[in-house]
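Spelled out, the chains give:
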Amino acid sequence: MQDASAVRKEILAFLDKLEIPYEFHEHERAFTIDDCLAMPFITEDVTICKNIFLCNRQKTNFYLMLLRPRTPFRTAIVSKALGVSRLSFAPDDALPQLLHLTSGAVSPLGLYFDKDHQITLACEKAVQETPRIAFHPCDNSATVIFSQDVFWQKVLPALGGTVNWIDLSELDENT
């Protein structure tokens, strides 16, 4: 696997080649969603997603779940929505192997490296409620911000991905 800065360069080159508009911000490494929310460019009009890498019990199917930063992750609800009997966190070695990522840098932009489309992208519907959306470019010392339309209509299709939308609106954000 390449180091994080090389992976970031590859992702940014991919976006630039496709002439995808984005904002780019370098910063101290952000390991938690609270680190991300403290960044001055993450404003009320930007959703920075909590990204969770999951797998089934047999570790044969993998899922990348995108949530709003304060949405609690409920395994049972997400498992039911995806039609999977039991989900758990993917093993540590799956991130670098499948997405060229490390813990703390999980991002749907890593789908760029999923050439065989082994990973199912799932997303809380409410992440679309802000005009813009932010992710690490596979390196947690930088963040890219897209308009929602650009990400869902240009970036994701260019990555070869589709999304499974999950409505988690019945959950209380503060639980």
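Check the entry above for the structure.
The structure displayed is predicted, hence computed values, not measured ones. (Residues numbered from 1 in each chain as written. Predicted model: local features only at pLDDT ≥ 70, side-chain atom pairs only at ≥ 80, totals over all residues. Heavy atoms only, no water.)

Draft legend 1. Representation of the nonpolar core within the structure. Among the nonpolar cores identified, the biggest contains 38 residues, and Phe 53, Leu 109, Phe 146 and Val 155 are the most heavily contacted of them. Only α1 (4-17), β3 (50-56), β4 (62-67), α4 (94-99), β6 (119-124), β7 (132-135), β8 (142-147) and α5 (148-158) provide two or more residues apiece to this core. Beyond its immediate chain neighbours, meaning those up to four positions away, Leu 109 contacts Ile 11, Phe 135, His 136, Pro 137, Cys 138, Val 144, Phe 146, Phe 151, Val 155 and Leu 159. Residues Phe 73, Leu 82, Val 84 and Ile 166 belong to the second largest nonpolar core, which totals 13 residues. (Core = buried A, V, L, I, M, F, W, Y, C linked by side-chain atoms within 4.5 Å. Buried < 20%, exposed > 50% of the residue type's maximum accessible area, 1.4 Å probe, protein only. Helix = DSSP H or I, 4+ residues; strand = E, 2+ residues; numbered from the N terminus. Contact = heavy atoms within 4.5 Å.)

Draft legend 2. Up close: the sheet that holds strand β1 (residues 23-26). Taken together, the four strands give an open sheet; going across it, the order is β1-β8-β7-β2, and neighbouring strands pair in mixed fashion. Looking at which strands have only one partner, the edges of the open sheet turn out to be β1 and β2 (46-48). Adjacent strand axes in the sheet meet at a mean angle of 25°, parallel and antiparallel pairs treated alike. One ladder, built from four bridges, connects β1 with β8; its direction is antiparallel. Looking at the pairing, Phe 24 lines up with Val 144 of β8. Seen against the sheet, α5 touches β7 and β8 and runs at an angle of roughly 90° to β8. (Pairing = 2+ DSSP bridges. Axes fitted to C-alpha atoms, helices over the stretch in contact; angles between N-to-C directions.)

Draft legend 3. Broad picture of the pattern of salt bridges. Considering all chains together, one arrives at eight salt bridges under this definition. With a closest N to O distance of 2.9 Å, Arg 8 and Glu 26 form a salt bridge. Of this pair, Arg 8 sits in helix α1 while Glu 26 sits in strand β1, and the two are 18 residues apart along the sequence. Assessed through its relative accessible area of 58%, Glu 26 is described here as exposed. The residue Arg 68 makes a salt bridge to Glu 129 at a minimum N-O spacing of 3.9 Å. With Arg 68 in the loop between β4 and α3 (75-82) and Glu 129 in the loop between β6 and β7, this residue pair connects regions lying 61 residues apart in the sequence. (Salt bridge = Lys/Arg side-chain N within 4 Å of Asp/Glu carboxyl O.)

Draft legend 4. Representation of the sheet that holds strand β9 (residues 163-166) in the model. The five strands lie next to each other as β5-β3-β4-β6-β9, forming an open sheet whose pairing is mixed. Because the sheet does not close on itself, it has two edges, and the strands there are β5 (87-89) and β9. Here the average twist between neighbouring strands, direction ignored, is 35°. By the bridge criterion, six bridges tie β3 to β4 in an arrangement that is antiparallel. Looking across to β4, one finds that Lys 50 is bridged to Leu 67. Helix-sheet contacts for α5 involve β4, β6 and β9, and the interaxial angle to β9 is about 140°.

Draft legend 5. How the structure looks around the state of the cysteines. According to the stated counting rule, one finds zero disulfides in the structure shown. Unpaired in terms of disulfides, Cys 49 finds its nearest cysteine sulfur in Cys 123, a separation of 5.7 Å. A relative accessible area of 5% means that Cys 49 is categorised as buried. Just so you know, Cys 138 is unpaired, no disulfide at all, and the nearest cysteine sulfur is the one on Cys 36, 14 Å from it. What makes Cys 138 buried here is its relative accessible area of 2%. (Disulfide = S-S within 2.5 Å.)

Draft legend 6. Summary view of the packing of aromatic side chains. The final tally for this structure, using the stated rule, is nine aromatic pairs. With 4.9 Å between their ring centres and 55° between their planes, Phe 14 and Tyr 112 make a pair best called tilted. Linking Phe 14 in helix α1 with Tyr 112 in the loop between α4 and β6, this pair joins segments that are 98 residues apart in sequence. For the pair shown, Phe 14 and Tyr 112 are each scored as buried. (Phe/Tyr/Trp six-rings, centres within 6.5 Å; stacked < 30°, edge-to-face > 60°.)

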